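Architecture at a glance
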Amino acid sequence: MNLQSSITELKGIGEKTSLPFAKVGIHTVLDLLEYYPRDYEIYEEPVELTEIESGKKYAVHGFVDSVSEVKRFGKYQIFSARLRVGEQVIQATWFNVPFLRRVFQRGSQYIFRGIIAEKNGQYRMEQPEHFTLADYDKLLYVMQPRYPLTTGLTEKMVVKSVHQVIDGGQVYVPEYLPEDMRREYNLESEWDAVRQVHFPANEQVMRQARKRIVFDEFLLFILGIRRMKEQQEELVNEMPMVEVSETARLIEALPYELTNAQMRVWREIVSDMTGTKVMSRLVQGDVGSGKTILAVLALIMAGCNGYQGALMVPTEVLAKQHYQSVKELLETHHIPLRPILLTGSMTAKEKRLAREEVESGKTQIVIGTHALIQEKVIYRNLGLVVTDEQHRFGVKQREMLAEKGRMPHVLVMSATPIPRTLAIIIYGDLDISVVDEMPAHRLPIKNCVVDESYRPNAYRFMKKEVEAGHQVYIICPMVEENEELELENVTDYTEKLKGILPEFQISCLHGKMKPKEKNEIMEAFADGQIQILVSTTVIEVGINVPNATVMMVENAERFGLAQLHQLRGRVGRGRDQSYCIFMSGSKGKETKKRLEVLNQSNDGFYIASEDLKLRGPGDLFGIRQSGVLEFRMGDVFQDSRVLEQASEAAGRILEEDAELALPKHEKLKERLETAMAKGGENLSL
Ligand SMILES: Nc1ncnc2c1ncn2[C@@H]1O[C@H](COP(=O)(O)OP(=O)(O)OP(=O)(O)O)[C@@H](O)[C@H]1O
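Residues numbered from 1 in each chain as written. Predicted model: local features only at pLDDT ≥ 70, side-chain atom pairs only at ≥ 80, totals over all residues. Heavy atoms only, no water.

**Some thoughts on the site of the ligand**
Looking at the ligand, there are 20 residues lining it, with Gln 262, Gly 288, Lys 291, Thr 292 and Arg 442 nearest. Measuring from an oxygen atom of the ligand, one finds a backbone N or O atom of Gly 288 at 2.8 Å. Here an oxygen atom of the ligand sits 3.0 Å away from a polar atom, N or O, in the side chain of Asn 544. For the ligand, the accessible surface in isolation is 640 Å², of which the surrounding protein chains cover 85%. Grouping the amino acids of the shell around the ligand by side-chain chemistry returns six nonpolar, eight polar and six charged. (Near = heavy atom within 4 Å. Polar contact = N/O pair within 3.5 Å; in protein donor to acceptor, adjacent residues only side chain to side chain. Areas by Shrake-Rupley, 256 points an atom, 1.4 Å probe, with all protein chains shown as cover. Nonpolar A, V, L, I, M, F, W, Y, C, P; charged D, E, K, R; others polar.)

Pasting the structure below:
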């Protein structure tokens, strides 16, 4: 067995068992090793009930006071027990495990572990785990890995397989970083890091292992983009364009005046497209800063110069929205260009027709999801691609585009607020423009952090806003690993709300809906036919309904603050005062303090960094502050220090040996080439 062997060579994994592994991208032993835990379960000391924050997981030392009989409710068999913990009592309930009933004898003592809910001094636990005192002692402070799972793939299956590889003695990950570099940056060997990140002895070891893996990710990424930059520097602009009157006319006719920042960035784009080199530019600007119009202007410029332009966005809903607004804009201003929509959910026939239009050149502006650069789409004359940072091109995509013709100009849009020093590292292959000014007449969003007791006020407030002609978003958190529950959450919520506010049109939107259905609902919301939209975070990116002025986020404590910042960017997009209500399901002071950060600032990077400071170390793992710039393990915000180190290291390597020709860089070169060939799959290269 080696790293490239199929996982079916492992004991216990046959063709059939390998299927759920394949679903999460694990085919080889190496894939398995690189399938890192998303979190760890840490068995901490049992606590006193007076110390707890309701809704969190704890271990408590409990004596069984009394146990009920097992009762049947529909498909459930339920029993409960009264547990004495110090001076307090917990009511614990178990579902569908009737055999446990006999285990809990009156007077027996166990460590019970699970989420504890507290209401008016009453404590409850559902389905807690239980351990004997001696067993728990052995587990204390052990870190059990928890992996991202999918239907058919259990924690146990992953743990067993990873153990088998690591302990089997047949597979080994050879070191590829030069020794001096490891010493300088205090890095574990890669093999140690891989082993320890799966099964760390303690938190210290886990952090050290994680650091190495994150360093590698960043280093390869940075080396990759610096190479790409070199290749790009040589790309001559084979599609030089000239300025056209249509864009100037449109800028004049817009119902608003472009901000100075927008004008400056637009000049930069024009200068690239009319220049001697191919454009590779990133436009960075906070949510709502007005990036879309810049993309549209660029598409018009390409179109009026006789080229085609493609606008590629992450979701179908967004594609549809952009398509409609571009179409309207072109018609209103009599710009003779034809836009077309191309998305995955269109029927085969619609897609074929769309592709024919693209191929014949009948259409000049193509808007869609990343179906746009798939092999089947043949452009007649592609001159510009506008994309977002999630789909910024890797080597593979660039090759694919180049094969479709000449290398088009590329414009990448980003709303991730990262400081310039980090942006230069992460977007090393791109020139950067920043839209650092909000449109005039925008009022800052008013935020408040509240708990359940405020709910009636919140609904009254919504009612007032809707009666004044505005619209409302309500966001419910995603329920990870349980799509059924997630569905129930938003649909139940919607039904309940309809009972409370029967006079309004209320609809819900969630990830399990078909794109077509989502589109219809979003359209109805944008048209004002729906007044209150209850949604999971599927609306996170880019949706623009300036008439929506209220957002309420349920269980706000479950979100990363940077994500909440992105979410609230859906309101405050017009002239009217907007409001964001963060409803916290937890009364804890810590939670409140964390959420209050959103009140202090509108600067996304500040928010993300504060969030990290306020979270406990156990919380750090597995929260992604940015939904974008996804690395397998690294997080640009959380690991900004490692990112800087990796950038420095990359600089040194290239300075000493730009071609990576020295013997000490041989293995590094191999690794880099493999990573670049994978192109974007896990390195977003
Ligand atoms: N200079 C301006 N003055 C007033 N309104 C503007 C200006 N520029 C853009 N807008 C409007 O502001 C709203 C938000 O703009 P846009 O959708 O381009 O934001 P964005 O930067 O793409 O944000 P996001 O990252 O959230 O997608 C739109 O309704 C747009 O028409």
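**Description of the pairing of strand β19 (residues 506-509)**
By the alternation rule, side chains of β19 split into Ile 506 and Cys 508 and Ser 507 and Leu 509, which are all buried. Each parallel crossover has a hand, and for β19 linked through helix α17 (residues 515-526) to strand β20 (residues 532-535) it is right-handed. (Buried < 20%, exposed > 50% of the residue type's maximum accessible area, 1.4 Å probe, protein only. Helix = DSSP H or I, 4+ residues; strand = E, 2+ residues; numbered from the N terminus. Right-handed = clockwise from strand over helix to strand, strands pointing away.)

**Some words on the pattern of salt bridges**
Here the structure, examined in full by the defined rule, presents 37 salt bridges. With a closest N to O distance of 2.8 Å, Arg 671 and Glu 190 form a salt bridge. Here Glu 190 lies in helix α6 (residues 190-198) and Arg 671 lies in helix α23 (residues 666-678), a separation of 481 residues in the sequence. A cluster of three or more residues bridged by salt bridges with shared partners is formed by Asp 39, Glu 41, Lys 57, Arg 113, Glu 129 and Arg 146. (Salt bridge = Lys/Arg side-chain N within 4 Å of Asp/Glu carboxyl O.)

**What about the packing of helix α9 (residues 260-273) against helix α10 (residues 292-304)?**
Two elements in contact, α9 and α10, have axes whose closest approach is 10 Å; the angle formed by their N-to-C orientations is 30 degrees. Taken together, the axes of α9 and α10 lie roughly parallel to each other. For α9 against α10, the interelement crossing comes out right-handed. Packed against α9, whose contacting residues are Gln 262, Val 265, Trp 266, Ile 269, Val 270 and Met 273, the element α10 presents Ile 293, Leu 294, Leu 297, Ala 298, Met 301 and Ala 302 at the interface. Tallied by class, residues from the contact of α9 with α10 come to eleven nonpolar, one polar and no charged. (Axes fitted to C-alpha atoms, helices over the stretch in contact; angles between N-to-C directions. Parallel < 35°, antiparallel > 145°, perpendicular 65-115°, else oblique. Left-handed = near helix turned anticlockwise from the far one by under 90°. Contact = heavy atoms within 4.5 Å.)

**Remarks on the sheet that holds strand β11 (residues 308-312)**
The seven strands lie next to each other as β12-β13-β11-β14-β15-β10-β16, forming an open sheet whose pairing is parallel. A single partner strand is all that each edge strand has here, and the edge strands are β12 (339-342) and β16 (431-435). Geometrically, the sheet is characterised by an average inter-axis angle of 20 degrees between neighbouring strands, direction not taken into account. Examined bridge by bridge, strand β14 (residues 382-388) and strand β15 (residues 409-414) share five bridges and lie parallel to one another. For Thr 387, the partnering residue across the bridge sits in β15 and is Val 412. Against the sheet, helix α11 (residues 316-332) engages β11, β12 and β13 (365-368), with an angle of about 170 degrees to β12. (Pairing = 2+ DSSP bridges.)

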